[in-house]
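This is what each chain is made of:
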Amino acid sequence: MLTIATGNKAVAAAVRQANPAVIAAYPITPQTEIVEQMAEYVTAGELKSRYIPVESEHSAMAACIGASITGVRTFTATSSHGLLYMHEMINWAAGARLPIVMANVNRALGPGWNVWAEHTDAFQERDTGWLQVFVSTVQEAYDATLMAFRIAEHNDVLLPVMVNLDGFTLSHIMQSLETVNPGDFIPPLHLPHAIDPAHPAGYGTLTGPDDYFKFRWDIERSMRDSVKVIRETEQDFADRFGRSYGMTEEYRCEDADVVVIAMGTLGKEAEVAIDLLRKEGIRAGSMRIRWLRPFPTLDLAGRDVVVIDRDYSFGFGGILAQSLKAKHRCEPYSVIAGLGGQEVTYDDIAGFIRDRKPGEEYWFGVKA
Amino acid sequence: MFEIRIHSRGGQGGVTAARLLALAAFRDGKFATACPFYGAERRGAPVVSFVRIDDKPIKVYSQIRTPDLVVVLDTSVMDVVDVLQGLKDGGKVLLNATHGGDLKGHKTYVVDLTGIALKQNLVVAGSPILNTPVLGALAKIGIISPESAKISISEMFSDERNVRAAEAAYEELVE
């Protein structure tokens, strides 16, 4: 069905179709619309989920963990400070190999108190063992949420997945949305280590170094295997519903001498900048990184690279730029832009590319 | 791409007007995005929201700097905000007012949305509803079709007075 919806409503529509048994959530701007909508679905009887209103985000994730370990599908949503308040449980969810799906509406961290888009909240959870995807349109928010359940629950993955969408810029914008009938796209969940009273087992007991080390390696092995699962899931989604995105969405990169790399809505607006530059005769392309974890491999050889970080690691640099430097041995022009919802237009992005200084870092809108 | 900036005060329904307009454009078969600019809003503060309409998918998320049309739901914001800022040459203005004339050479349309809302008794929490009648005015200007304006309003509001108010605004718009 073709309709028009906000990013938040698109996520809620996908979760309703994924039909989780348990939703535990705490409201926080700009995510609240998602959990309000889920609560409305449950109240109206359109969704048979058990909706657990909790007293904090830490409890929201704890409730999801408790439900998930019984082998049922679970969902929660949060943002910014709520995400960080969950941090301990976020680690637990991945370590316990629970395929929880969470929507995180990216928002800056206070103080100064700020409710607008930034990616530092999600980036601070990058080492927890969660898969993380960043979306750029209302349609993609819906599609990625449906795919997240299948990827998380795949037997070769069994790790939680975070679907990230930019606060307000995407969570509150209205765009067209085509919903699908998922059919059997998301198979029933079979959690091999689910609690089973017939076969009692210990959970969360003290684990010695030898076993702990194996568990950690097993997370990494599944993270590596998840690349294949993501590709298969994307392919099946494309075959059934006609839309695909890839690990990284490339735009006019075939003959590009310079590529701009960004995430979320900035990565989509960058495509407009590329069209502008192409008209000027500059062979530029855009790579919108979708998956922060597992981190993609990009074709950057022989190209100038401009990276826009909507995040920062103090005393180190833009997290995306540093990751690309480490992985691809490139010397990107590192642009720090869009923090706290700072307005960045396609004209600005075209300017970053025109005026690039490889190896340097530039804070947009700040006088040095 | 056709870009519209809507000026209002917090609580007057400018954001909903943007959503209704995008929905109507979408029902016309166009691509449309509606994005409110969320600031430190409170009831009564000047606010803006944006609508983009195009024949192809819209990839722009930043604010509208050079609108093709400016809609002012509350002319009192014009004392504190330059509503014509960035308006394109040949750009148009729609004012919720009882009378007016072209503003700085821009073709200006006038319609008494407040009066229409009061006549239909479309009042919520003491404020007249402006966001449904304004769709009628926008249809008359040709931004959306009258049919899609009605469909859009009916999809979001069940009270038929909203459609009647839009019809009145369609009839009463003055160039």
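Residues numbered from 1 in each chain as written. Chains lettered and ligands numbered in written order. Predicted model: local features only at pLDDT ≥ 70, side-chain atom pairs only at ≥ 80, totals over all residues. Heavy atoms only, no water.

### Thoughts on the pattern of salt bridges
Charged atoms that come close allow side chains of opposite charge to pair.
Residue and element names in this part refer to chain A.
Then step 1. Counted according to the given criterion, the structure contains 38 salt bridges over all chains.
Then step 2. The partner of Glu140 in a salt bridge is Arg290, with the nearest N and O atoms 2.5 Å apart. Of this pair, Glu140 sits in helix 7 (residues 138-153) while Arg290 is found in the loop between strand 11 (284-289) and strand 12 (291-293), placing the two residues 150 residues apart along the sequence.
Then step 3. Residue Glu140 is classed as buried on the basis of its relative accessible area of 0%.
Then step 4. The exposure class assigned to Arg290 is buried, which follows from its relative accessible area of 1%.
Then step 5. Here Glu232 and Lys228 are joined by a salt bridge, their closest N and O atoms 4.0 Å apart. In this pair, Glu232 and Lys228 both sit in helix 8 (residues 209-241), four residues apart, roughly one turn of the helix.
Then step 6. For Glu232, a relative accessible area of 39% gives the class partly exposed. (Salt bridge = Lys/Arg side-chain N within 4 Å of Asp/Glu carboxyl O. Helix = DSSP H or I, 4+ residues; strand = E, 2+ residues; numbered from the N terminus. Buried < 20%, exposed > 50% of the residue type's maximum accessible area, 1.4 Å probe, protein only.)

### Examining empty space enclosed by the protein
All names here are of chain A.
Then step 1. The full count for this structure, using the stated rule, is one cavity of 30 Å³ or more.
Then step 2. The calculated volume of the largest cavity comes to roughly 40 Å³.
Then step 3. Looking at the largest cavity, the residues that line it are Val133, Ala144, Met147, Ile151, Ile230, Glu234, Arg290 and Trp291.
Then step 4. When contributions to the lining of the largest cavity are tallied by element, the ones reaching two or more residues are helix 7 and helix 8.
Then step 5. In the lining of the largest cavity, the residues fall into six nonpolar, no polar and two charged. (1 Å grid on protein atoms, 1.4 Å probe; cavity = no way out; pocket = protein on both sides within 12 Å on 5 of 7 lines; lining within 4 Å. Points joined across faces, edges and corners; volume = space filled by probe spheres on them. Nonpolar A, V, L, I, M, F, W, Y, C, P; charged D, E, K, R; others polar.)

### What about the interface of chain A and chain B?
A common way to express how large an interface is: the accessible area buried when the components associate.
Then step 1. Each partner contributes to the interface: chain A provides 26 residues, whereas chain B provides 20 residues.
Then step 2. In this assembly, chain A packs against chain B so that about 1900 Å² is buried in total across both faces, 62% of it on carbon and sulfur atoms.
Then step 3. Looking only at chain A, the three residues that lose the most surface to chain B are A:Ile4, A:Met174 and A:Glu343, adding up to 29% of its buried area.
Then step 4. Here chain A is connected to chain B by two salt bridges.
Then step 5. Between A:Glu271 and B:Lys59 there is a salt bridge, and its shortest N-O distance comes to 2.6 Å. (Contact = heavy atoms within 4.5 Å. Buried area = accessible area lost by both parts, 1.4 Å probe.)

### A word on the environment of B:Lys92
Residues and elements named next belong to chain B.
Then step 1. Within the element layout of this structure, Lys92 appears in strand 5 (residues 92-96).
Then step 2. Sequence separation of Lys92 and Asp102 is ten residues, and the distance between their C-alpha atoms is 9.1 Å.
Then step 3. Setting aside its immediate chain neighbours within four residues, Lys92 contacts Asp68, Leu69, Val70, Leu87, Lys107 and Tyr109.

### A closer look at the packing of aromatic side chains
Residues and elements named next belong to chain A.
Then step 1. Applying the stated criterion across every chain, the model contains ten aromatic pairs over all chains.
Then step 2. Ring geometry for Phe237 versus Phe241: centroids 4.8 Å apart, planes at 65°, classification edge-to-face. One end of the pair, Phe237, and the other, Phe241, are both in helix 8, four residues apart, so they sit about a helical turn from each other. The residues Phe237 and Phe241 share a single accessibility class, namely buried.
Then step 3. An aromatic cluster of three or more residues is present, and its members are Tyr333, Phe352, Tyr362 and Phe364.
Then step 4. The aromatic ring of Trp113 is capped on one face by Arg107, whose charged end is 4.9 Å from the ring centroid. (Phe/Tyr/Trp six-rings, centres within 6.5 Å; stacked < 30°, edge-to-face > 60°. Lys NZ or Arg CZ within 6 Å of the ring centre and 35° of its normal.)

### Re the domain arrangement of chain A
All names here are of chain A.
Then step 1. One can read the domain layout of chain A as domain 1 (2-182 + 206-241) and domain 2 (248-363).
Then step 2. Each partner contributes to the interface: domain 1 provides 30 residues, whereas domain 2 provides 22 residues.
Then step 3. Across the domain 1 to domain 2 interface the summed buried area is about 2200 Å²; carbon plus sulfur atoms make up 62%.
Then step 4. Contact with domain 2 buries surface across domain 1, with Phe123, Arg126 and Ser136 losing the most and accounting together for 26% of the total.
Then step 5. Taken together, domain 1 and domain 2 are joined by five salt bridges. (Domains from an automatic or database assignment.)

### Some thoughts on the layout of surface pockets
Residues and elements named next belong to chain A.
Then step 1. Here the largest pocket is characterised by a volume of approximately 810 Å³.
Then step 2. Taken together, 28 residues make up the lining of the largest pocket; nearest its centre are Gly95, Ala96, Arg97, Gly204 and Phe215.
Then step 3. Of all the elements in the fold, those that place two or more residues in the lining of the largest pocket are helix 3 (57-68), helix 5 (87-95) and helix 8.
Then step 4. In terms of residues, the lining of the largest pocket owes the most to one element, helix 8, which gives eight residues.
Then step 5. Along the lines of polarity and charge, the residues of the lining of the largest pocket split into eleven nonpolar, ten polar and seven charged.

### Quick notes on the confidence of the model for chain B
Regions with low pLDDT should not have their predicted coordinates read in detail.
Then step 1. Residue-level pLDDT values for chain B average 93, and 97% of them are 70 or greater.
Then step 2. For chain B, per-element mean pLDDT is lowest for strand 7 (residues 123-124) of chain B, which scores 88, and highest for strand 4 (residues 69-72) of chain B, which scores 98. (pLDDT = per-residue confidence, 0-100.)

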